[in-house]
Amino acid sequence: MSLQYRIGEIGWYNFERLVQTLLKVIIGPGVTSFGGSKDRGRDAAYTGSALFPTAQDNWSGKWVFQVKYIDLQDAGGAAARTRLRTSLRIEIKSILSRNDDEVDNYILITDVPLTSDTRDDLTQVATLAGMAGRFHVIDGGE
């Protein structure tokens, strides 16, 4: 039995802060949290290796974490997924152009529950926007 959390009630700021705190625990204390206008498009970053996406398959290199909160009560599921795709397309191009080094691992974390088709679409959006490294999405259902 899984627990259902009321993520939609905490708002974008608290969702971002929660994710940044969890990243420090899951990825490691070396995760740097950002916020505001001088974050170069990132919500968190890390350089090194981590037990992610699984304990057996560890990724390493330069990491960028992007947190996307979309109020599902205002948008609804389908509209939120559309907004997420559009936002990713814009932001990933910006992030890749602002970061001098190549991004090895781009992790998108969102409150929006995704379908398998939407996951595939987001991966394609990232690839078409120039992401040559690994791309992973953690959604509101996880």
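The structure presented is a predicted model; accordingly, all values stated were derived computationally and were not measured.

(A) Expanded view of the pairing of strand 2 (residues 44-53). For strand 1 (residues 32-33) and strand 2, the ladder comprises 2 bridges, and the chain directions are antiparallel. For Ser 33, the partnering residue across the bridge sits in strand 2 and is Ala 44. The pairing of strand 2 with strand 3 (residues 58-68) spans 8 bridges and is antiparallel. Across the sheet, Thr 47 pairs through a bridge with Lys 62, a residue of strand 3. As consecutive antiparallel partners, strand 2 and strand 3 are separated by 4 residues.

(B) Structural context of the pairing of strand 5 (residues 134-138). On strand 5, burial follows the alternation: Phe 135 and Val 137 on one face are buried, whereas Arg 134, His 136 and Ile 138 on the facing-out side are not. As defined by bridge partners, strand 4 (residues 105-110) adjoins strand 5 across 5 bridges and the pair is classed as parallel. Paired with Tyr 106 across the bridge in strand 5 is Phe 135. Considered for its hand, the β-α-β crossover made up of strand 4, helix 4 (residues 116-128) and strand 5 is right-handed.

(C) Broad picture of helix 4. Taking 1.5 Å per residue, 13 residues should reach 18 Å; helix 4 reaches 18 Å between its end C-alpha atoms and fits that length. Along helix 4, the positions that sit buried rather than exposed are Thr 118, Leu 122, Val 125 and Ala 126. Down the axis of helix 4, the buried set is contained in an arc of 95°. They therefore lie on one face. Residues Ser 116, Asp 117, Asp 120 and Leu 128 are exposed on helix 4 and point more than 90 degrees away from its buried face. Check the buried side of helix 4 and you find it contacts helix 3 (77-98), strand 4 and strand 5. Backbone geometry just after helix 4 places Gly 130 at a positive phi near 115°.

(D) Summary view of the side chain of Asp 139. Examined against the element boundaries, Asp 139 turns out to sit in the segment after strand 5. Within the structure, the side chain of Asp 139 is placed 2.8 Å from the backbone nitrogen of Leu 114, a separation counted as a polar contact. Here the side chain of Asp 139 touches Arg 119 through a polar contact of 3.3 Å, side chain to side chain. Sequence-distant contacts of Asp 139, that is, excluding residues within four places in its chain, are made with Thr 110, Val 112, Pro 113, Leu 114 and Arg 119.

(E) Structural context of the pattern of salt bridges. Using the criterion set out here, one finds 3 salt bridges in the structure. Among the ionic pairs, Arg 85 bridges to Asp 121, the shortest N-O distance being 3.3 Å. Of this pair, Arg 85 sits in helix 3 while Asp 121 sits in helix 4, placing them 36 residues apart in sequence. Residue Asp 121 is classed as partly exposed on the basis of its relative accessible area, which comes to 28%. A salt bridge links Asp 139 to Arg 119; the shortest N-O distance between them is 3.3 Å.

(F) Structural detail: helix 3. Given a rise of 1.5 Å per residue, 22 residues ought to cover 32 Å, and the 31 Å separating the end C-alpha atoms of helix 3 matches this to within 8%. Among all positions of helix 3, only Ala 80, Arg 81, Leu 84, Ser 87, Leu 88, Ile 92 and Ile 95 are buried. Taken together, the buried residues of helix 3 touch strand 3, helix 2 (72-75), strand 4, helix 4 and strand 5.

Analysis parameters
Along each chain, numbering runs from 1 in the same order as the chain's sequence is written. Local features in this predicted model are restricted to residues whose pLDDT is 70 or higher, and side-chain atom pairs enter the listing and the counts only when it is 80 or higher, whereas totals over whole chains, interfaces and linings include all residues. Side-chain numbers here rest on the full set of heavy atoms in the structure, without hydrogens or water. Paired strands are those between which DSSP finds at least two bridges. The helix count covers DSSP runs of H or I at least four residues long, the strand count covers runs of E at least two residues long, and both are numbered beginning at the N terminus. Burial classes: relative accessible area under 20% of the type maximum marks a residue as buried, over 50% as exposed, and values in between as partly exposed (1.4 Å probe, protein chains only). Looking down the strands as they point away from you, a crossover is right-handed if its path from the first strand over the helix to the second goes clockwise. For a helix, the expected span equals 1.5 Å multiplied by the residue count minus one. The arc in question is traced by the directions running from the helix axis to the C-beta atoms. Should any heavy atoms of two residues lie within 4.5 Å, those residues are counted as being in contact. Two N or O atoms count as a polar contact when they lie within 3.5 Å, although within protein this holds only if one can serve as hydrogen donor and the other as acceptor, and sequence-adjacent residues are included solely when both atoms are side-chain atoms. Put simply, a salt bridge is a Lys or Arg side-chain nitrogen that is within 4 Å of an Asp or Glu carboxyl oxygen.

Keep in mind that these numbers describe shape and distance, not what the molecule does.
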